[in-house]
Amino acid sequence: MTVRQVGEAIPLARPVLGEAEEQRVLEVLRSGRLSLGPLLPEFERAFAHRVGAPHASAVSSGTAGLHLALRAVGVKDGDEVITTPFSFVASANVAVYERARPVFADVDPVTFNLDPDAAAAAVTERTTALLPVHIFGYPADVAAFERLGLPIVEDACEALGAVDADGLPVGARGHPAVFAFYANKQLTTGEGGMVTTSDARLKEAIDSERNQGRAPDMDWLDHDRLGFNYRLSDLACALGLAQLEHLDEMLAGRARAAAWYRSALGGIEGLELPCEDTGRARRGWFVYVVQLPREFDRDTVVRALQERGVPSKPYFPAVHLMSYYRERFGHREGEFPVCEDVAARSIALPFFPEMTEGQVEQVADSLRDALGR
Ligand SMILES: Cc1ncc(COP(=O)(O)O)c(C=O)c1O
């Protein structure tokens, strides 16, 4: 198999930024109100409307949103929060911020989301919250977690545009659901995040704590609770509003690239592709992650792809096996075998809305070549 020659290297991810973004950001610059201005509530309202949630609170990152959401559902020192080890490290870190213990449970081998039975088996009298992650934009089985009767914080950082098995957009179920707007996400504000909820009091608590513990109706420099600076600037909100205007198009671009990948990679023996949507569930496409056949060394494949001009990344390493988690909580190999198997074989391929069919084919050819298939 020969590798196609291309003039331009393929990036791993690339945001779509156009005139709408420039216009909105310029307006904020000209207004002089760079933060705590009118675009903050405007972006919150537009985002809440988009996912079908009654309320939304904009924050400075997905991590900040997860942290404030956990605090808002009452997680505190000595509690346990059940979550998945197959995620970005932030979803476990936020429990540690509150001196709670992240208790991992294994994942489903098809969706790679937290397995509800494994989560149920991990519940103790100290469990105060469940933190399922909609990994790679595939909706977690939140209805099954609801049956456990504990507060839920949904990590929807990768799942904007996803629809769950009940046909509800992720973010609309009522539990706090946290989205992230880093530059590789479906919608970006550079850095940023949003918490959606059906609970007005929860929004109040989050709005206060993101602003150093000062409720919006309180006097200047009066603070009635502990808070943080987790604000999102109006410049970022301007970007977010512009991005919302063409979100459908950007999501469609990712879905189109995913469909091209499926047909281009489908024939590679032993390569496992992202699971397909079942029932009413719809993935909100974020990344394109494949599982390499077991006989291959992942790092060698990543290097071979790089030599062919194709960037890729191991995605995700298991959180419980990261050095901090091993040292702090004593985790070892073998605890969560499904997660560990998936984590050892996953690579994220280039994926972004404006990817062309030619680029997808170049990646597919390079991967076939790197695997000798
Ligand atoms: C699953 C998951 N959780 C949390 C986060 C944290 O979001 P942020 O980087 O905006 O803090 C991310 C972002 O990459 C993520 O993918």
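See the structure above.
So, here is what we can say about the structure in this document.

Basis of the calculations
Residues numbered from 1 in each chain as written. Predicted model: local features only at pLDDT ≥ 70, side-chain atom pairs only at ≥ 80, totals over all residues. Heavy atoms only, no water. Near = heavy atom within 4 Å. Polar contact = N/O pair within 3.5 Å; in protein donor to acceptor, adjacent residues only side chain to side chain. Areas by Shrake-Rupley, 256 points an atom, 1.4 Å probe, with all protein chains shown as cover. Helix = DSSP H or I, 4+ residues; strand = E, 2+ residues; numbered from the N terminus. Nonpolar A, V, L, I, M, F, W, Y, C, P; charged D, E, K, R; others polar. Buried < 20%, exposed > 50% of the residue type's maximum accessible area, 1.4 Å probe, protein only. Pairing = 2+ DSSP bridges. Expected span 1.5 Å × (residues − 1). Arc of directions from axis to C-beta. Contact = heavy atoms within 4.5 Å. Patch = residues over 30% accessible without salt bridge, like charges linked within 9 Å, V, L, I, M, F, W, Y side chains within 5 Å. Salt bridge = Lys/Arg side-chain N within 4 Å of Asp/Glu carboxyl O. Lys, Arg positive; Asp, Glu negative; His and termini not counted. Charge placed at Lys NZ, Arg CZ, Asp CG, Glu CD. Axes fitted to C-alpha atoms, helices over the stretch in contact; angles between N-to-C directions.

### Here we look at the site of the ligand
Thought 1: The ligand sits among 14 residues. The nearest are G62, T63, D155, E158 and K185.
Thought 2: Here an oxygen atom of the ligand sits 2.4 Å away from a polar atom, N or O, in the side chain of T63.
Thought 3: One of the side-chain nitrogen or oxygen atoms of K185 is found 2.8 Å away from an oxygen atom of the ligand.
Thought 4: The fraction of the free accessible surface of the ligand (390 Å²) that becomes covered by protein chains is 91%.
Thought 5: Among the elements that make up the shell around the ligand, the one with the highest residue count is helix α3 (residues 62-72) (3 residues).
Thought 6: Residues that form the shell around the ligand fall into these classes: 6 nonpolar, 5 polar and 3 charged.

### Some points on the pairing of strand β4 (residues 127-131)
Thought 1: Of all 5 residues that make up β4, 4 are buried, and the element is covered over most of its length.
Thought 2: Relative to β4, strand β2 (residues 80-83) runs parallel, the two being bridged by 4 bridges. For I82, the partnering residue across the bridge sits in β4 and is L130.

### What about helix α1 (residues 19-31)?
Thought 1: Between the first and last C-alpha of α1 there are 18 Å, a value that for 13 residues agrees with the 18 Å anticipated at 1.5 Å per step.
Thought 2: Within α1, the full set of buried residues consists of E21, R24 and V28. One side of α1 holds all its buried residues, which, seen down the axis, span an arc of 75°. Looking at α1, the residues exposed on the side facing more than 90 degrees away from the buried face are E19, E22 and R30.
Thought 3: Looking at the buried positions of α1, the neighbouring elements they touch are α2 (39-51) and α8 (234-245).
Thought 4: Trailing α1 by a residue or two, G32 shows a phi angle of about 80°, which is positive.

### Considerations on a negative patch on the surface
Thought 1: Residues E204, D217, D219, D222 and D224 make up a contiguous surface patch of negative charge.
Thought 2: Positionally, D222 belongs in the loop between α7 (200-209) and α8.
Thought 3: A residue is classified by how much of its surface remains accessible, and D222, at 38% relative accessible area, is partly exposed.

### Remarks on the sheet that holds strand β8 (residues 288-291)
Thought 1: One open sheet holds the 3 strands; their spatial order is β8-β10-β9, and the pairing between them is antiparallel. Of all the strands in the sheet, the pair left with one neighbour each is β8 and β9 (313-314).
Thought 2: Sheet topology places β9 next to strand β10 (residues 346-349); 2 bridges connect them, and they run antiparallel. Bridging across to β10, P314 finds its partner in I347.
Thought 3: Sheet strands touched by helix α10 (residues 298-307): β9 and β10. Its angle to β10, the strand with the most contacts, is close to 15°.

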